[in-house]
Each structure stands twice: as structure tokens, then as C-alpha cells.
Amino acid sequence: MTRPTSRDVATAAGVSQATVSLVLGGKWPGRVSERTASHVRETATRLGYRPNLAARNLRLGSTRTALLVVPALTNEFFARVYTGAARVAAEHGFGVVLYPSPDGTGPARDPFASARAALDGVIASSMAAHALQAIGGDTLPLVMLDSDPAAAGSAAHVNLAMADGMRQVTEHLLALGHRRFLHLASAVDSWTFHARAEALSTLLGPDTELRTVRSPLTPDGARTAMQAALAAPQGRPTAIVCDDDILAAGACKAARRLGLRVPEDLSVTGFDDLALATAVEPELTTVHLPAERVGEQGMAALLAVLEGTPWTAPDIPVTLVVRDSTGPAPTP
């Protein structure tokens, strides 16, 4: 069976094709009687008519489709970003295509033969705008999430208040009496991690010690890095500030293998507030990042850009969630 067309609907309903277009396009009030409009809709339903979206998109010059590029699908943070973006997109008749960069945080490859013909805009999470030239070129609007607001090449930025999150972590640990810190930093070269490191070093005063150890963004990588860093008891830190909950889980594992108790001997903090944060024991003190809100604002920003409206918004607030992985600094 062939797919019914608007001409088939017009013939079956005994009206012109123009009338069918007005009714099914929602532009009939004041131009077509309500009785005729109801008859056309009933006829279309009976025939199983569905509008040809490809033809409509070609006519309008828009696909109403956004591409969301994320570093990986294995991290639930980006799944939540997608959920938020897709929710706002659906409210405006848009769809979101999720595309994980095959090289993680490296340059994303063009997922379409001609992306500019298939997309209305791109939302990119946690990677540099220049990494997306293959997809967007100079023609597609680009909204960057969790990226350097001073970087050129994007139409809008959506950021979390990362520096404030690190401030909350630091003040919490200082209030517990900690003065010897170790920053377990992600080895990923990304603005978001640089921002966290800069905030931490700025917030700690001259009466504190800060050491930085870099690790791959995996529990095993973090465990290996921390076992080496904590092996010598002299000058051992009392607080480990981690760039991510995954790193914090690895740090806790390293502490246990070295016979150190968390938080009695060593306090550990994370970032993100993933499900992992409450799956480990002790549960992690961490900074909650509202990932769905990031996706929602990212899509809202793209819609504004497509409408030609300037888009600005303050950084999205983040919140420290205090659990059982932090406690008073141990007595020397």
C-alpha cells in the first residue's frame, strides 16, 4: 500500500488540497468552517495520513533537529544532560540527536554526510568549540556547555558555578580543621577541570598545603595514583579533593588498601553527585551538579539563538551535599 497523500485526503473529503493544508497546518480558523475542518481531520485519520516531514523541512529550510555532542555515554551526567535538552526540545517541536564523540574529549567527527543539511544547531558538552568544526562549520549555531565563556566560536554558553562549588568544598574542609590538601585532578585537558583547580588553589591560604596529583578519569586510575601518593606517611594529606565522584571512589579504594579509614584518617570529596556517590561506603560528600538543568538551558539557549534573540543567563548554582566521607582532621 502506498502512503496516503494530502491530495488523497482532499479527494476523499471532497475539498481542495489548499483546504487540507490549512486544516492540517492549524491555519484554518477564520478561513474554513469548523464543520469542514472536522471533516478533513476525520478523513485524514481514517486514511492513516501522516504529513511528509521531509517535504515540510525542505520547504521551511529547517529540520527542527539539534545535535547534542557529549564526550561519552558511559557517564550518567551526560545522560541527564540529554534528558533535560530533549524535554525542552519536545515542548517546542524539536528533536535531539545524541552523538558521543568517538574520541572522548577529542575532536568530534561529522556523524552525517552533510550535517549542515540535517541539523538546525549543535549543543556541545565539555569540549572546545574548535573540535566541532567538522559538524558545524561556520554556518550552524553552536551552544557550548560547561566550557570557557571567553572562547570564541559559539553563539551562547551555559555553565555551572564550578568555582562556587569548589568554594563550598574548601570552606567545609577548612571548618573541619583540614590544612593539608591533595587535589586528585582529572588528566583530561578541559576548561571545567582547569576552573576547578584554579578555584581550589585561590581559596587555600598560606597556612595550608596543596599538592596536585593527576589521574585518568577511571576508578582504577584514581586508585593507582592515590596509592602512590599516600604510600609515605610523612606529610600525608588529611583531605583529598577530587574532580569527580569516579575519582573519589578510586581514592577511597586506595585508602582502604593502605589501611586508612575514611573519614577518620582521610576525608574525601567528589564532584557531580552521581548515583555512585551513595553506592560506595562511606557515602561521598560531593558537589551536586544539576545536569538536567544544564541540558534544559542548553536547548533554551539554542532556541533563542535560532530565533535571533540574544541569550544570557547566570551560571547554574551547584550545591555541596555533605555525607559520610568527610570528618574532622585527624590529630597529629
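Calculation notes
Residues numbered from 1 in each chain as written. Predicted model: local features only at pLDDT ≥ 70, side-chain atom pairs only at ≥ 80, totals over all residues. Heavy atoms only, no water. Helix = DSSP H or I, 4+ residues; strand = E, 2+ residues; numbered from the N terminus. Buried < 20%, exposed > 50% of the residue type's maximum accessible area, 1.4 Å probe, protein only. Contact = heavy atoms within 4.5 Å. Pairing = 2+ DSSP bridges. Expected span 1.5 Å × (residues − 1). Arc of directions from axis to C-beta. Axes fitted to C-alpha atoms, helices over the stretch in contact; angles between N-to-C directions. Salt bridge = Lys/Arg side-chain N within 4 Å of Asp/Glu carboxyl O. Phe/Tyr/Trp six-rings, centres within 6.5 Å; stacked < 30°, edge-to-face > 60°.

Novice: Help me get a handle on the overall build of the protein chain, residues and values and all.
Specialist: For the protein chain, the helix and strand inventory stands at 13 helices and 11 strands. Within the protein chain, the proportion of its 332 residues that are buried is 48%. In the protein chain, the proportion of contacts linking residues at least 24 apart, taken out of those at least 6 apart, comes to 71%.

Novice: Any chance you could break down the pairing of strand 3 (residues 121-125) for me, citing the residues and the numbers?
Specialist: Within strand 3, five of the five residues are buried, which leaves the element mostly enclosed by the surrounding structure. Taking every second residue as pointing to the same face, both faces of strand 3 are buried, with Gly 121, Ile 123 and Ser 125 on one and Val 122 and Ala 124 on the other. Examined bridge by bridge, strand 3 and strand 4 (residues 142-145) share four bridges and lie parallel to one another. In the sheet register, Val 122 faces strand 4, and the bridge partner there is Leu 142.

Novice: Give a detailed account of helix 3 (residues 34-47), specifying residues and quantitative values.
Specialist: If you check helix 3, its first and last C-alpha atoms are 20 Å apart, about what 14 residues at 1.5 Å a residue would give, namely 20 Å. Three or more residues of helix 3 are buried, namely Ala 37, Val 40, Thr 43 and Ala 44. End-on view of helix 3: buried residues confined to an arc of 130 degrees, all on one side of the axis. Exposed side chains of helix 3 directed beyond 90 degrees from the buried face belong to Glu 34, Arg 35, Glu 42, Thr 45 and Arg 46. The secondary structure elements touched by the buried residues of helix 3 are helix 1 (6-13) and helix 2 (17-24).

Novice: Outline the sheet that holds strand 6 (residues 180-186), listing residues and values.
Specialist: Strand order in the open sheet made by the six strands is 7-6-8-9-10-11, with mixed pairing throughout. The sheet is open, and its two borders are formed by strand 7 (209-215) and strand 11 (319-321), each paired with just one other strand. Averaged over all pairs of adjacent strands, the angle between strand axes in this sheet comes to 20 degrees, irrespective of strand direction. Pairing between strand 10 (residues 285-288) and strand 11: three bridges, direction antiparallel. Bridge pairing links Thr 286 to Val 321 in strand 11. Helix-sheet contacts for helix 8 (residues 162-175) involve strand 6, strand 8 (239-242), strand 9 (267-272), strand 10 and strand 11, and the interaxial angle to strand 9 is about 165 degrees. Most of the contacts of helix 10 (residues 219-230) go to strand 7, to which it runs at about 140 degrees, and overall it touches strand 6, strand 7 and strand 8.

Novice: Any details on the pattern of salt bridges? Residues and values, ideally.
Specialist: Close approach of charged atoms lets side chains of opposite charge pair. Inspection of the entire model under this criterion finds 10 salt bridges. Where Asp 164 meets Arg 167, a salt bridge forms, and the shortest distance between an N and an O atom there is 2.7 Å. Placement of both Asp 164 and Arg 167 in helix 8 is noted, with a separation of three residues, approximately one turn of the helix. By relative accessible area, which is 29% here, Asp 164 ends up partly exposed. Between Arg 223 and Asp 220 there is a salt bridge, with its nearest N and O atoms 4.0 Å apart. Linking Arg 223 with Asp 220, this pair stays in helix 10, spanning three residues, or about one helical turn. Through salt bridges that share partners, Arg 87, Glu 292, Arg 293 and Glu 296 make up one connected network.

Novice: How would you sum up the sheet that holds strand 4? Please name residues and give values.
Specialist: Through backbone hydrogen bonds, the strands of a sheet pair up, either in parallel or in antiparallel fashion. Spatially, five strands are ordered 2-1-3-4-5 in an open sheet, and the strand pairing comes out parallel. For this open sheet the edge positions go to strand 2 (95-100) and strand 5 (156-158), each flanked by a neighbour on one side alone. Neighbour-to-neighbour, the strand axes of the sheet open up by a mean angle of 20 degrees, direction not taken into account. Each of strand 1 (65-70), strand 2, strand 3 and strand 4 is contacted by helix 5 (residues 76-91), which is oriented at about 160 degrees to strand 2, the strand it contacts most.

Novice: Account for the packing of aromatic side chains, with residues named and values stated.
Specialist: Counted under the stated rule, the structure contains one aromatic pair. On the numbers, 5.3 Å between centres and 90 degrees between planes, the contact of Phe 77 with Phe 78 is edge-to-face.

Novice: With reference to specific residues and values, describe unusual backbone geometry.
Specialist: Cis geometry marks the peptide bond from Val 262 to Pro 263, where omega comes out at 10 degrees. Phi angles above zero are rare outside glycine, and Asp 272 is one such case at about 120 degrees.

By themselves, these observations are geometric and do not establish any function.
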